[in-house]
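Fold and geometry: a report
Listed below are the residues making up each chain.
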Amino acid sequence: MEGDKNLPSHVSYWLTASSKNDCFFVLGSEEKQTERIGAVKIFLMGYSVPLRNMLEDSELAERGDMRVVDIEPGTFRIFLKCVYGGSDVIIPMLSFQESVDLLYVMEKYLVAEFIPRVVSHIMLILPLTFENIFIAISNPVCFLYKKLEDALLKILERDTDNIFSSPMFLQLDTTALQQIVKAKHLSTSEVRVWIAVVKWGKHAANSKNGEDVRNHILSHLKFIRFCTFPCTKFCETVIPTGILTCEEVNEICNYFGTGDAPDLEYICNNTNPRVESETKITFVHVVKDINNANEKYSVSKKYLFHNCYWYITVQSNDKIDLEVYMNCIGISSDTSWEVQVDCNLSLINQQSKGNLSKSLKTKFSNINSVWGFSSFYSWNNLINVSNGFLLDNTIIIMAQVKLNE
C-alpha cells in the first residue's frame, strides 16, 4: 500500500515482528482463498470489547485460530495498521472501497475511536466518482451514520435515472436495491421505478416469467407506489408483466375508481408521489486531468430540476484563468420558458482550507442558457498544490441552484 512507507517506525515493527504475534485469524470467504494472519492481541483488546471477549481468558474466549468469513485479508491488514498506531497515515490514503470495508470492520468490532475519521473520509471522496454510490449502498454499514446516510439518500434522489440506467444497477444485491426503492424521494416517475425493479428482477431470475420475477422482487413490491401511477400507465406497464396477482390488480384498479387505498400484504398503500417539488439542487463535477482543460470543455452530468437540465462546464482560458459556467436547457417545447434562480459555484478546497465561491442572481431562458465566470480563479494559483484546490491533478466544482420566484 502506498502509505506504508510513511507509517511510524513502531507500526512497521509490529506489522513485521511475526514472533510477537499471539493470536491468529483465518480470513476470507470459502469462495475466495483464505489467509491466516497473526496479530498482537493486546492492541486488539485495548480498542475492542468484542475482541477482548474473544481473546482474553474468559468463557467467551475462542480457542485456537479464529475463523472470520466476512472480512477479507487485505481489509484486516488495514485494520491492524490502524490499531497499531498508523490511522493518521493510512485512513487518508484509502480508496472508497477500502474505506467502506474498513468501516464495516470498525462497526463489527465496535472500535469507536476510528469510526468518525473513516466516515469523514468516506464522505470526502464519495462524490469523486459516480461508481461510489453503488459501493456504498451495497454495504448496510453506510446507513448506520446519519450524515453519511443523508449524503447517500441525496445522491439516490438526485441521480435516480443515472443509477437505473447504469450497468452496475443490475449487479446490486436485493438489500442494496431496497435502499433505493424505499427512499422517500426520488427524482424520477414511479413508473420508471417499477420498470427498473422489473428489469433487475428479470436479470436476477434469469427469466421473463412473471411468477419467477415476482419471487425475486417480492420484498420490494410493498415500496412501489402503484397508487401514484396514471391509470393508463398501470394498465400498460404493470398488468401485462403477470407479476401482480389478480387480487392485487383488482384492488389497485379499485383505488383508481374509488380513492380507497389497497390493504394488501405486498402492495404499497402510499398515495403520495415520491417526486418532491424541490426549490433547490446541489451537485458536483469532478474534473480529472485538469492540465488538458485548455483543449476542450469538461462537461458534468446533467441533472433534472424544475423542468430543466442543469450542468457545469469547465475550461482553461489559455491557462491564464479557470472558466466555470452553469448551463440550463429547458425540456419544454415552449421556447418562451425562463427560470429565475440564485446560483452559487464553488471550487472545493481538498485540504479543508476553505472553498472559493462566486454567486449571482440570474434568469435562464432559451436565449440566455449559459451563465458563469470567464475568470473564476487564477490558473497559477489553481495549479499551486499548496493552495489545496488541486489534488492528483483533479479539481472539484460544486453547484448550488435555488429557485428565486
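Quantities reported herein were computed from a predicted structural model and do not represent experimental measurements.

**As for the pattern of salt bridges**
- In total, this model carries twelve salt bridges according to the counting rule given.
- Asp70 is paired through a salt bridge with Lys108; the nearest N and O atoms lie 3.1 Å apart. Of this pair, Asp70 sits in the loop between strand E3 (66-68) and helix H4 (73-90) while Lys108 sits in helix H5 (residues 96-108), and the two are 38 residues apart along the sequence.
- Lys108 sits in the partly exposed class, given a relative accessible area of 34%.
- Across the pair Lys154 and Glu157 runs a salt bridge, and its minimum N-O distance is 3.8 Å. Taken together, the residues Lys154 and Glu157, both in helix H8 (residues 146-158) and three residues apart, mark about one turn of the helix.
- Residue classification places Lys154 among the partly exposed positions, given a relative accessible area of 42%.
- Owing to a relative accessible area of 14%, Glu157 belongs among the buried residues under this scheme.

**What about a nonpolar patch on the surface?**
- A cluster of nonpolar side chains, contributed by Leu304, Tyr309, Ile329 and Ile331, occupies part of the molecular surface with about 330 Å² of accessible area.
- If you trace the backbone, Ile331 turns up in the loop between strand E8 (321-330) and strand E9 (338-347).
- Assessed through its relative accessible area of 46%, Ile331 is described here as partly exposed.

**Quick look at H5**
- Counted at 1.5 Å a residue, the expected span for H5 with its 13 residues is 18 Å, and the 18 Å between its end C-alpha atoms agrees.
- Where H5 is concerned, the buried positions are Phe96, Ser99, Val100, Leu102, Leu103, Val105 and Met106.
- Against H4, helix H6 (115-125), helix H7 (132-137) and H8 lie the buried residues of H5.
- Once H5 ends, the next one or two residues include Leu110, with phi positive near 55°.

**What to know about the sheet that holds strand E10 (residues 356-365)**
- Taken in spatial order, the four strands of this open sheet run E4-E12-E9-E10, and their pairing is antiparallel. Of all the strands in the sheet, the pair left with one neighbour each is strand E4 (280-288) and E10. Pairs of neighbouring strands in the sheet enclose a mean axial angle of 20°, with direction left out of account.

**Points about unusual backbone geometry**
- Here the phi dihedral of Asn206 falls at roughly 55°; this positive angle occurs in a residue that is not glycine.
- Phi is positive for Lys319, which is not a glycine, with a value near 55°.
- Along the chain, Lys319 falls in the loop between strand E7 (308-317) and E8.
- You can call Lys319 partly exposed: its relative accessible area is 37%.

**Section: the layout of surface pockets**
- When its volume is computed, the largest pocket comes out at roughly 1,300 Å³.
- Along its surface, the largest pocket is lined by 42 residues, and Lys154, Arg158, Thr282, Phe283 and Val284 are the ones closest to its centre.
- Tallying contributions element by element places E4 first for the lining of the largest pocket, with seven residues.
- Each residue belonging to the lining of the largest pocket can be placed in one class, and the counts come to 23 nonpolar, eleven polar and eight charged.
- Taken as a whole, the second largest pocket holds about 700 Å³ of empty space.
- The greatest single-element share of the lining of the second largest pocket, amounting to five residues, is contributed by H6.

**Topic: the confidence of the model for the protein chain**
- The pLDDT averaged across the protein chain works out to 90; a share of 95% of its residues lies at or above 70.
- When mean pLDDT is compared element by element in the protein chain, H5 scores highest at 97, while strand E6 (residues 303-305) scores lowest at 82.

**A short note on the nonpolar core**
- Phe25, Leu44, Phe79, Phe169, Trp194, Phe226 and Leu244 are the most contacted members of the largest nonpolar core, which totals 87 residues.
- A per-element tally of this core places H4 first, with eight residues.
- Residues Val287, Cys308, Val324 and Phe389 belong to the second largest nonpolar core, which totals 34 residues.

**Side note on the packing of aromatic side chains**
- Under the criterion given, the structure shown has 21 aromatic pairs.
- Arranged with centres 5.2 Å apart and planes meeting at 70°, the rings of Tyr13 and Trp14 form a pair that is edge-to-face.
- Classification of Tyr13 by relative accessible area gives partly exposed; the value is 40%.
- Pairing Phe79 with Tyr109 gives two aromatic rings, centres 6.2 Å apart and planes at 35°, and the pair type is tilted. Of this pair, Phe79 sits in helix H4 while Tyr109 sits in the loop between H5 and H6, and the two are 30 residues apart along the sequence.
- A connected cluster of aromatic rings, assembled from ring pairs, spans Trp194, Phe226, Phe229, Phe234, Tyr255 and Phe256.
- Over the face of the ring belonging to Phe376 we find Lys358, whose NZ or CZ atom lies 5.4 Å from the ring centre.

Definitions and cut-offs
- Residues numbered from 1 in each chain as written.
- Predicted model: local features only at pLDDT ≥ 70, side-chain atom pairs only at ≥ 80, totals over all residues.
- Heavy atoms only, no water.
- Salt bridge = Lys/Arg side-chain N within 4 Å of Asp/Glu carboxyl O.
- Helix = DSSP H or I, 4+ residues; strand = E, 2+ residues; numbered from the N terminus.
- Buried < 20%, exposed > 50% of the residue type's maximum accessible area, 1.4 Å probe, protein only.
- Patch = residues over 30% accessible without salt bridge, like charges linked within 9 Å, V, L, I, M, F, W, Y side chains within 5 Å.
- Areas by Shrake-Rupley, 256 points an atom, 1.4 Å probe, with all protein chains shown as cover.
- Expected span 1.5 Å × (residues − 1).
- Contact = heavy atoms within 4.5 Å.
- Pairing = 2+ DSSP bridges.
- Axes fitted to C-alpha atoms, helices over the stretch in contact; angles between N-to-C directions.
- 1 Å grid on protein atoms, 1.4 Å probe; cavity = no way out; pocket = protein on both sides within 12 Å on 5 of 7 lines; lining within 4 Å.
- Points joined across faces, edges and corners; volume = space filled by probe spheres on them.
- Nonpolar A, V, L, I, M, F, W, Y, C, P; charged D, E, K, R; others polar.
- pLDDT = per-residue confidence, 0-100.
- Core = buried A, V, L, I, M, F, W, Y, C linked by side-chain atoms within 4.5 Å.
- Phe/Tyr/Trp six-rings, centres within 6.5 Å; stacked < 30°, edge-to-face > 60°.
- Lys NZ or Arg CZ within 6 Å of the ring centre and 35° of its normal.

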